[in-house]
Amino acid sequence: MYLGVDIGTSGVKAVLVNEAGAVVATAARELALSHPAPLWSEQDADAWVEAAIGAIDDLAAAHPRDVAGVRGIGLSGQMHGATLLDGDGRPLRPAILWNDGRSHAECIELERRCPSLRAIAGNFAMAGFTAPKLLWVARHEPDIFKRVAKVLLPKAYVRYRLTGEMAEDMSDASGTLWLDVGRRDWSAELLNAAGLDLHHMPRLVEGSEVSAVLAGEFAQRWGMARDVVVAGGAGDNAASAIGLGAIAPGDAFLSLGTSGVVFRVTDRFAPAPEAAVHAFCHALPDLWHQMGVMLSAAASLAWLANVMETPAAALLAPLGQRVDGPSPVKFLPYLDGERTPHNDAAASGAFVGLRAATGRNQIVQAVLEGVAFAARDNLAALSAAGGAITDVDLVGGGSRSPLWAQICADVLGIAVHRVEEGEVGAALGAARLGRLAVSGEDPAQVCTRPRRLASFTPRASAASVYDEAYRSWRKLYPALKETT
């Protein structure tokens, strides 16, 4: 048996996977976010640990024999989060998350200090990345900065608490702006630009390599053997790729999680920072990937559900499984700023086209379409950076909705495939990396493609109207930017 644990933004998911590669059981615990000031987004790092332990406790209580047979554990997690530890390994402050936009000025300063940053890191400085956050702390919380002994990403902190070892995999490390992504090693030059050095970093491992062994107290707690291996693991999107079997150059998927991602595997380091496309290491050796990222995908629907005090499923139900054409209302899904293609942490969401006759269904549809239009922006950026993408698998919480899948197909103009286990893709990928760390098997034998549940193709009747709606939607950001 193998265990995958995904440290997400809204919650932690744990999955048990058997030798046949099937998911045997799942468990989840919710997490809370804190927004103490405009553009700020923080979490209690110890809450990740408590949620991860709690989710595994739930699995052990319900499936004690299966959990006792676990041989390898893999971790995946939200990227970019700055977890600052003192010399005793304890957090100095709440972790600053990927969707935190406070460090815009520090991005400018970081690129001034290190003109070669984009060539080394494969990305330009964005407020969501880790390095600008440390410059912000140095400027605004100097006493805390002076006490920083280690900087860990979210899943690396959970690994540390479960094993006593500080280690990070290449895919997650790529999102710090401290990794030489082409060389797959920390860059002293980039670290120096942030006022840090190699001693502040955990050691690096590949995602499919052994990073540590589960601490004896937890092995005993869950009835496991004392030599359970913990793999390097992966950032959430690279882990989802492993769960989808996206391990060959050209493989692609669309994630509609809290954030949204269009992801493509590459066989080389292929940066395209001018298009705000991320170029990161993959979770397997000798592979990389490109990503277009939108900061609020399924989070936009969750926001609307919260505002309307109605569950998301109840909002979607009246719309059925397809719509005849675009909503007359348009929605910009920039609730937490945006990365690709705008790189604007200050971008904000908006509804445009509201009338006295506008109803709830039109607003809900506008949110789904706004996210799909943002995904089309991402698709266009990746296509310009490395060639056309002809179809995508769909993962994340948004993949539950056939309606959203069809809207994505109509807007993107390519086939979209809902897949089995699409909602636990990152945790499944983590479990597969745990297996690879134990067995040393050929990744192609383990990282197989999931069964496709349904395929959605662009409807000829919708193509022209959605093309026109997208062109109109694209004019909104620059127009509104001038007025805000």
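So, a few notes on the structure that sits alongside this text. (Residues numbered from 1 in each chain as written. Predicted model: local features only at pLDDT ≥ 70, side-chain atom pairs only at ≥ 80, totals over all residues. Heavy atoms only, no water.)

1. A word on the overall build of the protein chain
Summing up its helical and strand segments, the protein chain has 19 helices and 24 strands in all. Against the globule reference of 23 Å for 484 residues, the protein chain gives a C-alpha radius of gyration of 21 Å, in line with a compact fold. The principal-axis extent of the C-alpha atoms belonging to the protein chain is close to 65 × 50 × 40 Å. For the protein chain, the proportion of contacts with a sequence separation of at least 24, taken over those separated by at least 6, is 73%. Here the protein chain has roughly 17800 Å² of accessible surface; of this, 50% comes from carbon and sulfur atoms. Distance between charge centroids for the protein chain: 3 Å, based on 43 positive and 53 negative side chains. (Helix = DSSP H or I, 4+ residues; strand = E, 2+ residues; numbered from the N terminus. Rg over C-alpha atoms; globule rule 2.2 N^0.38 Å. Contact = heavy atoms within 4.5 Å. Areas by Shrake-Rupley, 256 points an atom, 1.4 Å probe, with all protein chains shown as cover. Lys, Arg positive; Asp, Glu negative; His and termini not counted. Charge placed at Lys NZ, Arg CZ, Asp CG, Glu CD.)

2. So, the packing of helix α14 (residues 360-386) against helix α18 (residues 460-474)
At their nearest, the axes of α14 and α18 sit 10 Å apart, and the two run at 80° to each other. In terms of axis orientation, α14 runs roughly perpendicular to α18. Taken together, the residues of α18 that come into contact with α14 (itself represented by Gln365, Glu369, Gly370, Phe373, Ala374, Arg376 and Asp377) are Tyr466, Asp467, Ala469, Tyr470, Trp473 and Arg474. (Axes fitted to C-alpha atoms, helices over the stretch in contact; angles between N-to-C directions. Parallel < 35°, antiparallel > 145°, perpendicular 65-115°, else oblique.)

3. What to know about the pattern of salt bridges
This structure, assessed with the given rule, holds 33 salt bridges. Of the charged contacts in the structure, one is a salt bridge between Glu441 and Arg435, with a shortest N-O distance of 2.8 Å. Residue Arg435 is classed as buried on the basis of its relative accessible area, which comes to 15%. (Salt bridge = Lys/Arg side-chain N within 4 Å of Asp/Glu carboxyl O. Buried < 20%, exposed > 50% of the residue type's maximum accessible area, 1.4 Å probe, protein only.)

4. Notes on the layout of surface pockets
Quantified by volume, the second largest pocket comes out at close to 250 Å³. As for the second largest pocket, its lining consists of 21 residues, and the residues nearest its centre are Ala20, Gly21, Ala22, Arg432 and Thr448. Those elements giving two or more residues to the lining of the second largest pocket turn out to be α16 (425-439) and α17 (443-446). Ranked by residues supplied to the lining of the second largest pocket, first place goes to α16 with four residues. (1 Å grid on protein atoms, 1.4 Å probe; cavity = no way out; pocket = protein on both sides within 12 Å on 5 of 7 lines; lining within 4 Å. Points joined across faces, edges and corners; volume = space filled by probe spheres on them.)

5. Topic: a nonpolar patch on the surface
A grouping of Trp303, Val307 and Leu335 is seen on the molecular surface, where their side chains present a nonpolar patch of about 250 Å² in accessible area. With respect to the helices and strands, Val307 occurs in helix α12 (residues 298-307). (Patch = residues over 30% accessible without salt bridge, like charges linked within 9 Å, V, L, I, M, F, W, Y side chains within 5 Å.)

6. Some thoughts on the packing of helix α1 (residues 45-62) against helix α7 (residues 154-163)
Orientation of α1 relative to α7, taken along the N-to-C sense of each, is 60°, at an axis distance of 9 Å. Every pair of crossing elements has a handedness; the one defined by α1 and α7 is right-handed. Residue-level inspection shows Ala45, Asp46, Trp48, Val49, Ala52 and Ile53 of α1 in contact with α7, the latter providing Pro154, Tyr157, Val158, Arg161 and Leu162. Classifying every residue of the contact of α1 with α7 gives nine nonpolar, no polar and two charged. (Left-handed = near helix turned anticlockwise from the far one by under 90°. Nonpolar A, V, L, I, M, F, W, Y, C, P; charged D, E, K, R; others polar.)

7. Some words on helix α3 (residues 104-113)
Of all the residues in α3, the buried ones are Glu106, Cys107, Glu109 and Leu110. Looking straight down α3, one finds its buried side chains confined to an arc of 165°; they lie on one side. Of the exposed residues in α3, those oriented more than 90 degrees away from the buried face are Ile108 and Arg112. At its buried positions, α3 is contacted by α4 (117-121), α5 (130-140) and α9 (188-193). (Arc of directions from axis to C-beta.)

8. Details of the packing of aromatic side chains
Evaluated as defined, the whole model comprises 14 aromatic pairs. Ring geometry for Trp40 and Trp136: centres 5.3 Å apart, planes at 85°, overall edge-to-face. Highlighted residues: Trp40 in the loop between β3 (23-30) and β4 (42-43) and Trp136 in helix α5, separated in sequence by 96 residues. Judged by relative accessible area, Trp40 falls into the partly exposed class, the value being 22%. Where Tyr470 meets Trp473, the ring centres are 6.1 Å apart and the plane angle is 20°; that geometry is what we call stacked. Here Tyr470 and its partner Trp473 are both found in helix α18, three residues apart, which amounts to about one turn of the helix. On the accessibility criterion, Tyr470 (9% relative accessible area) is buried. The buried category is assigned to Trp473, whose relative accessible area is 1%. (Phe/Tyr/Trp six-rings, centres within 6.5 Å; stacked < 30°, edge-to-face > 60°.)

9. A word on the sheet that holds strand β16 (residues 252-256)
In space, the seven strands of this open sheet follow the order β18-β19-β17-β16-β22-β23-β24, with mixed pairing throughout. Each edge of the sheet is formed by a strand with only one pairing partner; in this case those strands are β18 (278-281) and β24 (452-456). Across this sheet, the average inter-strand angle for adjacent strands is 30°, counted without regard to direction. In the sheet, β18 pairs with strand β19 (residues 288-294) via four bridges, with the strands oriented antiparallel. Within β19, the residue paired with Phe280 across the bridge is His289. (Pairing = 2+ DSSP bridges.)

10. Some thoughts on empty space enclosed by the protein
All told, the structure shown has one cavity of 30 Å³ or more when counted by the stated rule. Estimates place the volume of the largest cavity at around 50 Å³. What lines the largest cavity is simply Thr130, Val151, Leu152, Leu153, Glu168, Ala173, Thr176, Trp178, Trp186, Met201 and Pro202. Considered class by class, the residues forming the lining of the largest cavity number eight nonpolar, two polar and one charged.

Everything listed here is a matter of coordinates, which is why it stays silent on function.
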